[in-house]
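Listed below, chain by chain, are the residues.
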Amino acid sequence: MIGSGREHEERAERIGRLLAERGVTVVCGGLGEVMAAAARGAKAAGGTTIGTLPGEDRGGANQWIDHVVVTGIGHARNLAVVASGDAVIAVGGSWGTLAEIGFARRLGRPVVVVEPGWEIEGVERAPTPEAAVERALAQVPGA
């Protein structure tokens with residue numbers, strides 16, 4: 001789960017919940033806004049969360065992260081976030097999210113962008129959190 005923007009938190013929380021209900025561990029950047037909302041949704045459904053932080057301090061993780069990965073590598077952690085998942089769902093976001101989408105595609109990970117969001121040739125879009133989860137998991141063997 002990638003993205004940013006307070007205005008996207010409701011969708012991100014719904015996606016986190018839906019993923020957890022399907023038994024999926026939610027991996028995100030571990031900080032605030034969309035990342036916190038996705039983790040909060042996953043925890044509300046009894047799920048497990050992993051947050052990959054850019055800094056060197058575990059204390060920066062949001063309260064819904066179960067497992068904190070401290071990288072100390074700043075924005076370069078974006079590669080670790082998307083490499084740790086089998087599929088990527090993007091909600092909102094800015095340049096960091098765009099970089100993560102690029103890394104995910106380079107690694108061969110399926111990416112689904114929740115509308116409104118980045119419009120990138122060859123990257124699937126979904127109109128709702130439910131559709132995003134279905135489309136992402138449909139591309140993961142055994143999900």
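On a predicted model such as this, the values are computed, not experimentally measured, just so you know.

(A) Main features of helix α4 (residues 95–106). Taking 1.5 Å per residue as the helical rise, α4 with its 12 residues ought to reach 16 Å, and the 16 Å between its terminal C-alpha atoms agrees with that figure. The set of residues buried in α4 consists of Thr97, Glu100, Ile101 and Ala104. The buried side chains of α4 occupy one side of the element, clustering within an arc of 100° when seen end-on. When the buried face of α4 is taken as reference, the exposed residues oriented beyond 90 degrees from it are Trp95 and Arg106. The elements touched by buried residues of α4 are β1 (2–4), α3 (77–83), β5 (88–92) and β6 (111–114). Remark: Gly108 follows α4 within two positions and exhibits a positive phi of approximately 80°.

(B) Geometry of the packing of aromatic side chains. Per the counting criterion, the structure on display carries 1 aromatic pair. Relative to Trp118, the ring of Trp95 lies with its centre 5.7 Å away and its plane at 50°, an arrangement referred to as tilted. With Trp95 in helix α4 and Trp118 in the loop between β6 and β7 (124–126), this residue pair connects regions lying 23 residues apart in the sequence. Residue classification places Trp95 among the exposed positions, given a relative accessible area of 64%. Positioned above the aromatic ring of Trp64, the side-chain terminus of Arg40 is 5.0 Å from the ring centre.

(C) Local environment of helix α5 (residues 129–138). Restricting attention to buried positions, one finds in α5 the residues Pro129, Ala131, Ala132, Val133, Ala136 and Leu137. Those residues of α5 hidden inside the fold are in contact with α1 (9–21), β5, β6 and β7.

Each value, and the rule that gives it
Residues numbered from 1 in each chain as written. Predicted model: local features only at pLDDT ≥ 70, side-chain atom pairs only at ≥ 80, totals over all residues. Heavy atoms only, no water. Helix = DSSP H or I, 4+ residues; strand = E, 2+ residues; numbered from the N terminus. Expected span 1.5 Å × (residues − 1). Buried < 20%, exposed > 50% of the residue type's maximum accessible area, 1.4 Å probe, protein only. Arc of directions from axis to C-beta. Contact = heavy atoms within 4.5 Å. Phe/Tyr/Trp six-rings, centres within 6.5 Å; stacked < 30°, edge-to-face > 60°. Lys NZ or Arg CZ within 6 Å of the ring centre and 35° of its normal.

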